[in-house]
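# Architecture and fold: a report
Next come the chains, spelled out residue by residue.
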2 protein chains.
Amino acid sequence: MTLTDHTHNPDARSWVLGSENHADFPIQNLPFAMFSSGGSKKRVGVAIGDMILDLAEAADFMADDARKLGELGSRADLNALFSCGAEAMRTLRHAIFDLLTDGGKQADIEPLLYRASECGLHMPFTVRDYTDFYTGINHATNVGKLFRPDNPLLPNYKFVPIGYHGRASSVRVSGSDVTRPKGQTKAPDADAPSVGPSKRLDYELEMAVWVGQGNELGAPIDIADAKKHIAGIGILNDWSARDLQAWEYQPLGPFLAKSFHSSVSPWVVTMDALAPFRVAQEARPEGDPAPLDYLFDEDDQATGALDVTMEVHLSTAKMRDAGQAPMCLSKGPMTAMYWTIAQLIAHHSSNGCDLNPGDLLGTGTLTGNMPDSVGSLLEITNGGKEPLALPNGETRTFLENGDEIIMTAYAEKAGAARIGFGECRGRIVEGPLG
Amino acid sequence: MTLTDHTHNPDARSWVLGSENHADFPIQNLPFAMFSSGGSKKRVGVAIGDMILDLAEAADFMADDARKLGELGSRADLNALFSCGAEAMRTLRHAIFDLLTDGGKQADIEPLLYRASECGLHMPFTVRDYTDFYTGINHATNVGKLFRPDNPLLPNYKFVPIGYHGRASSVRVSGSDVTRPKGQTKAPDADAPSVGPSKRLDYELEMAVWVGQGNELGAPIDIADAKKHIAGIGILNDWSARDLQAWEYQPLGPFLAKSFHSSVSPWVVTMDALAPFRVAQEARPEGDPAPLDYLFDEDDQATGALDVTMEVHLSTAKMRDAGQAPMCLSKGPMTAMYWTIAQLIAHHSSNGCDLNPGDLLGTGTLTGNMPDSVGSLLEITNGGKEPLALPNGETRTFLENGDEIIMTAYAEKAGAARIGFGECRGRIVEGPLG
């Protein structure tokens, strides 16, 4: 797809009322999600303005090649649909675009639109494997400083896209409550650990990369082909219990400190929708080592980063009781990624590991290089030492029960329609053991 | 189930020819696997001697309660069957035992037996999540010594059952070739890493614990209930690329060094079959801290370990060409686990994480406390510094292409029938990039 693809034309208009200049879902976006309406079964929907198009129903009005894909809209997750690969999904995108812009189709298609406010949204994919990377170099530096003030980044950081396997079973869609985990913690001066609810519960602002077409075990994906394997992206909140993590994580990495819950946004924004926002990979400063061959692709270096802005908002119980709007905690760029998405795909499969449709890759916490673009409370409060003052007089070092974190993301620039991601929301509730 | 359960009677006999005193699969074992015969679709089988019973076909001859369970034998994995829980599986075990011991049923059941040597065996479960623990305290000590000679075990080891998330997608059944991974490695004196096939490819001798019934997110499993959530156990080879691991693993743990392939044995040996081999948990020496409350259960301490012996055998291409039998590299006890299986289940879910049917838990490499009971080449060769001499004049520090590792396991003692696990086998083949 070139940048002159007609689906990116900012002047394109859908006949769907209210979709024009919609903050998140104009005709140029067309993200996918799993939705249900009125107790019906889950099926694939496409967002257009404040409405959701039932993909499988709309398939009847598409030409042959797109119709077969659209029929996969009746499945219980997006896995089968996106396993068809990026090129097939582009054909489908064009078919949906045509139905929603061609006034002659309005009478047929309008009955297949559902009011989003009356629908439920569900996990977009069945996640088999979840891998969390660590591409946020500012975050890695900030966290490293807490442990190693003089030497925050380890020697492998600029060569290896560092990542680890996360827990797939506990990934939940936006809106699901987050039960405060309990676990072992040990104070530095204590002889032994004690067990109780986490006292240092945090969020982590990440983007979610969804794998579309997979690869066979033993057959790495070349970086030049990586694009074809990306279904799209969303927002990820990698909730973290810092006190559990500090005690458990050596020598094999984070485990229970993360596996209690991870939240993803329901809408999958395709790489096609984001094409106008591809930018050069600039997180790697002059003087850093060049990517090793298997991680280097000229086109990827020139256009492999995404000019997407991410925001974190906090709503406390007191704020809600007083009718106050959530407070913005940070606003930062996705270009804080030290590695491109294509580099993550190429690295992950470079040892022969097989990726599969619906695999979730987290970017790692993305902290910008400004004081107001910091992706976790751990960093904002300097490890809990400098409480954050909220406008209503409350303070926070870490999250309290009743706190709700709302993450949003969007891409915007002159000469292009704004592409939004919807939101990723979660509220902390008391755990079963207090 | 008490130890006087009639299915444990060592004098019990099946009418199936050759099953009497079978080394692995006497009537007292009755493990489950996924099998296929003559190009048929995969279905659930039960081992008896050298034969496999088709469970779904046999269900027709069972009483109501067992029949419903047996009908799940037509599914494509063991997940649905074992999600019914340990008690239901005990009912089914008794029903199968009765069919195979009652001579009056022989005419009906004999046609439902398939010669194992003519069948294919497949992945027993669809693995959603794979968690690898680190319970082998001798292994943890040996590996720790390579990095920290004076302080091999980290302070958390005796409090926290250390574990990390593994890669689920690349778990394969015994018999699948293992493609040598490539990846980044860095020599201590090199300025930068280079990329190539791993030169320090190793096996790790582990046992596989399969989760049966799961739990809801946010609802930890009490250690006293943990047993009900265990489907059974098998053998696990956690193939490891030591050179990739040394360079990539900080700060988030092993990733590509392990995710290229893990091998499991096809047969799931139930905890019921192993009941006569439950022993006290003795890996925790006097003077070590007591398990924290959520990890302590009196019955589990008294009977939560398993008296199972594990063996590793090596067959090189040269040995096979010369018609030589595989060489035994080690033979050690499963009681080298510092934590019981119940403790692993309780810990894993203690933060609210949900376990699901088919989840795979690795015990971690189990090295005994004898020179001939060492579970990896890394330990046998002291980090590659002391090559192992093979009887045919070859030497090994790490695995060569063509090397095959065969792991076996069994439980035996006077007054009980021997319970075998079959084997977990894998051969190293050259990777796609040499």
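The structure displayed is predicted, hence computed values, not measured ones.

## Side note on the overall build of chain A
A count of helical and extended segments in chain A gives 11 helices and 25 strands. Relative to the globule expectation of 22 Å for 434 residues, the C-alpha radius of gyration of chain A, 22 Å, shows essentially globular dimensions. By principal-axis analysis of the C-alpha atoms, chain A measures approximately 75 × 55 × 40 Å. Out of the 434 residues in chain A, the part that is buried amounts to 62%. Nonlocal contacts in chain A, meaning residues at least 24 apart in sequence, comprise 74% of its contacts between residues at least 6 apart. Counting every atom, chain A has about 15,800 Å² of accessible surface; 49% of that belongs to carbon and sulfur. Separation of charge centres in chain A, based on 37 positive and 57 negative side chains, amounts to 5 Å.

## Focus on the side chain of aspartate 297 of chain B
Residue and element names in this part refer to chain B. Along the chain, aspartate 297 turns up in the loop between β17 (278–279) and α8 (298–303). Comment: no salt bridge for buried aspartate 297; closest opposite-charge side chain is lysine 227, at 6.1 Å. Those residues in contact with aspartate 297, other than ones at most four positions away along the chain, are Ile223 and Ala224.

## A few points about the UniProt feature "binding site: Ca(2+)" (unreviewed entry) in chain A
Residue and element names in this part refer to chain A. Residues annotated by UniProt as "binding site: Ca(2+)" (unreviewed entry) correspond here to Asp132, Glu204, Glu206 and Asp238. In terms of the greatest pairwise C-alpha distance, the residues named above, spread along 107 residues, form a tight cluster of at most 11.4 Å across. Relative to the helices and strands, glutamate 204 resides in the loop between β12 (201–202) and β13 (205–211). Once residues within four sequence positions are removed from consideration, glutamate 204 is found in contact with His139, Leu236, Asn237, Asp238, Ser240, Arg242, Lys258, Thr365, Gly375 and Met407.

## Quick word on helix α6 (residues 137–147) of chain B
In an α-helix, one turn spans 3.6 residues; hence positions three or four apart end up facing the same way. All buried positions along α6 of chain B are accounted for by Ile137, His139, Ala140, Thr141, Val143 and Gly144 of chain B. The secondary structure elements touched by the buried residues of α6 of chain B are α11 (377–380) of chain B.

## What about the relation of the copies chain A and chain B?
Superposition record for chain A on chain B: RMSD 0.0 Å, screw rotation 180°, translation along axis 0.0 Å. In short, the pair behaves as if placed about a two-fold rotation axis. Using C-alpha coordinates, one finds that chain A approaches the rotation axis most closely at glycine 253 of chain A, a distance of 2.3 Å. The residues that chain A uses at the interface reappear at the interface of chain B in 100% of cases, marking a shared surface.

## Section: the pattern of salt bridges
Residues and elements named next belong to chain A. The final tally for this structure, using the stated rule, is 42 salt bridges over all chains. Across the pair lysine 158 and aspartate 288 runs a salt bridge whose closest N-O atoms are separated by 3.0 Å. Taken together, the residues span a long stretch of sequence, with lysine 158 in the loop between α6 (137–147) and β7 (163–166) and aspartate 288 in the loop between β17 (278–279) and α8 (298–303) at a distance of 130 residues. With a shortest N-O distance of 3.0 Å, arginine 242 and aspartate 202 are connected by a salt bridge. Here aspartate 202 lies in strand β12 and arginine 242 lies in helix α7 (residues 242–248), a separation of 40 residues in the sequence. Several salt bridges share partner residues, and in doing so they unite Asp202, Glu204, Asp238, Arg242 and Lys258 into one network.

## Here we look at the interface of chain A and chain B
Every contact between the two is made by 57 residues of chain A and, on the other side, 57 residues of chain B. Contact between chain A and chain B buries roughly 5,500 Å² in total, counting both sides, with carbon and sulfur atoms accounting for 60%. Across the pair aspartate 129 of chain B and arginine 167 of chain A runs a salt bridge, and its minimum N-O distance is 3.5 Å. Run the count over chain A and chain B and you get 30 residue pairs in polar contact (both at pLDDT 80 or more). Those elements that provide at least two residues to the side of chain A that touches chain B are β6 (130–133), β7, β10 (182–185), α7 and α10 (341–349) of chain A.

## Focus on the state of the cysteines
In the structure shown here, the tally under the stated rule is zero disulfides over all chains. With no disulfide of its own, cysteine 353 of chain B lies 18 Å from the sulfur of cysteine 424 of chain A, the closest cysteine sulfur.

## Focus: the pairing of strand β24 (residues 404–411) of chain A
On a regular strand, each side chain points to the face opposite its neighbour's, so the side chains alternate between the two faces of the sheet. Residues and elements named next belong to chain A. Within β24, eight of the eight residues are buried, leaving the element largely enclosed by the surrounding structure. Alternating positions in β24 separate into two faces, Glu404, Ile406, Thr408 and Tyr410 on one and Ile405, Met407, Ala409 and Ala411 on the other, with burial throughout. By the bridge criterion, seven bridges tie β24 to strand β25 (residues 419–429) in an arrangement that is antiparallel. Along β25, the bridge assignment pairs isoleucine 405 with glycine 426.

## Comments concerning the pairing of strand β1 (residues 32–37) of chain A
Residue and element names in this part refer to chain A. With respect to burial, β1 is a largely interior element, six of its six residues being buried. By the bridge criterion, four bridges tie β1 to strand β2 (residues 43–48) in an arrangement that is antiparallel. When the bridges of β2 are listed, phenylalanine 32 appears paired with valine 46. The antiparallel hairpin formed by β1 and β2 contains five residues in its connecting segment, where glycine 38 sits at a positive phi of about 55°. Note: β1 against strand β5 (residues 119–122), four bridges, orientation antiparallel. When the sheet's bridge partners are listed, serine 36 is paired in β5 with glycine 120.

## Overview of the sheet that holds β25 of chain A
Residues and elements named next belong to chain A. Across the sheet, which stays open at both edges, the five strands sit in the order β9-β25-β24-β19-β20 with mixed pairing between neighbours. Each end of this open sheet is capped by a strand with a single partner; those strands are β9 (178–179) and β20 (327–333). For strand β19 (residues 309–315) and β20, the ladder comprises six bridges, and the chain directions are antiparallel. Note that in β20 the partner of leucine 314 across the bridge is methionine 327.

## Regarding the domain arrangement of chain A
All names here are of chain A. Per the domain assignment, the segments making up chain A are domain 1 (6–122) and domain 2 (130–429). Look at where the C-alpha atoms of domain 1 and domain 2 centre, and you get two points 28 Å apart. In total, domain 1 and domain 2 occlude about 2,100 Å² of area from one another, counting both sides; carbon and sulfur atoms represent 62% of this. The tally of links between domain 1 and domain 2 comes to one salt bridge. A salt bridge links aspartate 272 to arginine 90; the nearest nitrogen and oxygen atoms lie 2.9 Å apart. Where the side of domain 1 that touches domain 2 is concerned, the elements lending two or more residues are β1, β2, α3 (79–82), α4 (86–101) and β5.

## Things to note about the sheet that holds strand β9 (residues 178–179) of chain B
Residue and element names in this part refer to chain B. The strand order across the open sheet formed by five strands is β9-β25-β24-β19-β20, and the pairing between neighbours is mixed. Each edge of the sheet is formed by a strand with only one pairing partner; in this case those strands are β9 and β20 (327–333). Examined bridge by bridge, strand β19 (residues 309–315) and strand β24 (residues 404–411) share seven bridges and lie antiparallel to one another. Its bridge partner being in β24, leucine 314 is matched across the sheet by isoleucine 405.

## Side note on the UniProt feature "domain: Fumarylacetoacetase-like C-terminal" (unreviewed entry) in chain A
Per the UniProt record, "domain: Fumarylacetoacetase-like C-terminal" (unreviewed entry) is found at residues 137–428 of chain A. End C-alpha atoms of residues 137–428 of chain A are separated by 28 Å, and the span's content is 14% helix alongside 28% strand.

## Details of unusual backbone geometry
Proline 251 of chain A follows glutamine 250 of chain A through a cis peptide bond whose omega is 5°. Relative to the helices and strands, proline 251 of chain A is located in the loop between α7 and β16 (262–264). Of note in the backbone geometry, asparagine 21 of chain B takes a positive phi value of approximately 55° without being a glycine. Position of asparagine 21 of chain B among the secondary structure elements: in the segment before β1 (32–37). Positive phi, close to 50°, is recorded for asparagine 382 of chain B, a residue that is not glycine. When you line up the elements, asparagine 382 of chain B lands in the loop between α11 and β22 (388–389).

Parameters at a glance
- Residues numbered from 1 in each chain as written.
- Chains lettered and ligands numbered in written order.
- Predicted model: local features only at pLDDT ≥ 70, side-chain atom pairs only at ≥ 80, totals over all residues.
- Heavy atoms only, no water.
- Helix = DSSP H or I, 4+ residues; strand = E, 2+ residues; numbered from the N terminus.
- Rg over C-alpha atoms; globule rule 2.2 N^0.38 Å.
- Buried < 20%, exposed > 50% of the residue type's maximum accessible area, 1.4 Å probe, protein only.
- Contact = heavy atoms within 4.5 Å.
- Areas by Shrake-Rupley, 256 points an atom, 1.4 Å probe, with all protein chains shown as cover.
- Lys, Arg positive; Asp, Glu negative; His and termini not counted.
- Charge placed at Lys NZ, Arg CZ, Asp CG, Glu CD.
- Salt bridge = Lys/Arg side-chain N within 4 Å of Asp/Glu carboxyl O.
- UniProt positions renumbered as here; feature names shortened; annotations may be inferred.
- Least-squares fit on C-alpha atoms with pLDDT ≥ 70 in both.
- Buried area = accessible area lost by both parts, 1.4 Å probe.
- Polar contact = N/O pair within 3.5 Å; in protein donor to acceptor, adjacent residues only side chain to side chain.
- Disulfide = S-S within 2.5 Å.
- Pairing = 2+ DSSP bridges.
- Domains from an automatic or database assignment.

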